[in-house]
Amino acid sequence: MKYEVTVTSVGDAAFELLKDTGCLIIFDKCPLTELEEISLMHTPGEIKSPLAVGDKVTMGKHEYIITAIGDEAPKTLSELGHCTFKFTGHSEVELPGQIELKGENKPEITVGDKITIE
């Protein structure tokens, strides 16, 4: 297991953002209260080995494969528990803090669900 956290809260607009943009934002320490409304908050986690294209990401009951990792994503994930997961499966990210994922369904996550990377 490279990374594992538990969802502690789901912002009121987090899944609306996912529906509109294909993006899901996560944080363990959110620098702005306003961002919590569009984010999933989770327990602190530690990246135990480098993230790589091809790694499996599990969110609740759904599994995805990493297809691209932005240059800043490992740093912000390590320091703030933050990244933006985008569910288009592209081989390049649009923003440096994104992680692109490929999978069948958009996640349905509730408080208590795990987010893991392996």
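Residues numbered from 1 in each chain as written. Predicted model: local features only at pLDDT ≥ 70, side-chain atom pairs only at ≥ 80, totals over all residues. Heavy atoms only, no water.

- The protein appears in an unreviewed UniProt entry as PTS system, glucitol/sorbitol-specific IIA component from Propionispora hippei DSM 15287.

**Thoughts on the pattern of salt bridges**
Argument step 1. A full pass over the atoms with the stated rule returns four salt bridges.
Argument step 2. Put simply, E63 and K56 hold a salt bridge, and the shortest N to O gap is 3.5 Å.
Argument step 3. On the basis of relative accessible area, E63 is assigned to the partly exposed category, the value being 49%.
Argument step 4. Between E94 and K86 there is a salt bridge whose closest N-O contact spans 3.1 Å.
Argument step 5. For E94, a relative accessible area of 54% gives the class exposed.
Argument step 6. One salt-bridge network, held together by shared partners, links K56, E63 and E118. (Salt bridge = Lys/Arg side-chain N within 4 Å of Asp/Glu carboxyl O. Buried < 20%, exposed > 50% of the residue type's maximum accessible area, 1.4 Å probe, protein only.)

**Considering the UniProt feature "modified residue: Phosphohistidine" (unreviewed entry) in the protein**
Argument step 1. UniProt tags H42 as "modified residue: Phosphohistidine" (unreviewed entry).
Argument step 2. Inspection of the secondary structure puts H42 in strand 3 (residues 39-42).
Argument step 3. Residues contacting H42, with those up to four places away along its chain left out, are Y3, V5, T6, V7, T8, I26, F27, D28 and G81. (UniProt positions renumbered as here; feature names shortened; annotations may be inferred. Helix = DSSP H or I, 4+ residues; strand = E, 2+ residues; numbered from the N terminus. Contact = heavy atoms within 4.5 Å.)

**Let's talk about the nonpolar core**
Argument step 1. If you look at the biggest cluster of nonpolar residues, it comprises 23 residues, and the most contacted ones within it are M59, F85, F87, I99 and L101.
Argument step 2. For this core, the leading source of residues is strand 1 (residues 3-10), giving three residues.
Argument step 3. Those residues within four positions of L101 in sequence are excluded, and the remaining contacts are V57, M59, Y64, I65, I66, T67, F85, K86, F87, T88 and G89. (Core = buried A, V, L, I, M, F, W, Y, C linked by side-chain atoms within 4.5 Å.)

**A short note on a negative patch on the surface**
Argument step 1. Residues D12, E16, D20, E34 and E37 make up a contiguous surface patch of negative charge.
Argument step 2. Tracing the backbone shows E37 in the loop between helix 2 (33-36) and strand 3. (Patch = residues over 30% accessible without salt bridge, like charges linked within 9 Å, V, L, I, M, F, W, Y side chains within 5 Å. Areas by Shrake-Rupley, 256 points an atom, 1.4 Å probe, with all protein chains shown as cover. Lys, Arg positive; Asp, Glu negative; His and termini not counted. Charge placed at Lys NZ, Arg CZ, Asp CG, Glu CD.)

**As for the side chain of K86**
Argument step 1. With respect to the helices, strands and loops of the structure, K86 is situated in strand 6 (residues 83-86).
Argument step 2. Every residue in contact with K86, bar those within four places of it in the chain, is listed here: T21, G22, C23, E94, Q98, I99, E100 and L101.

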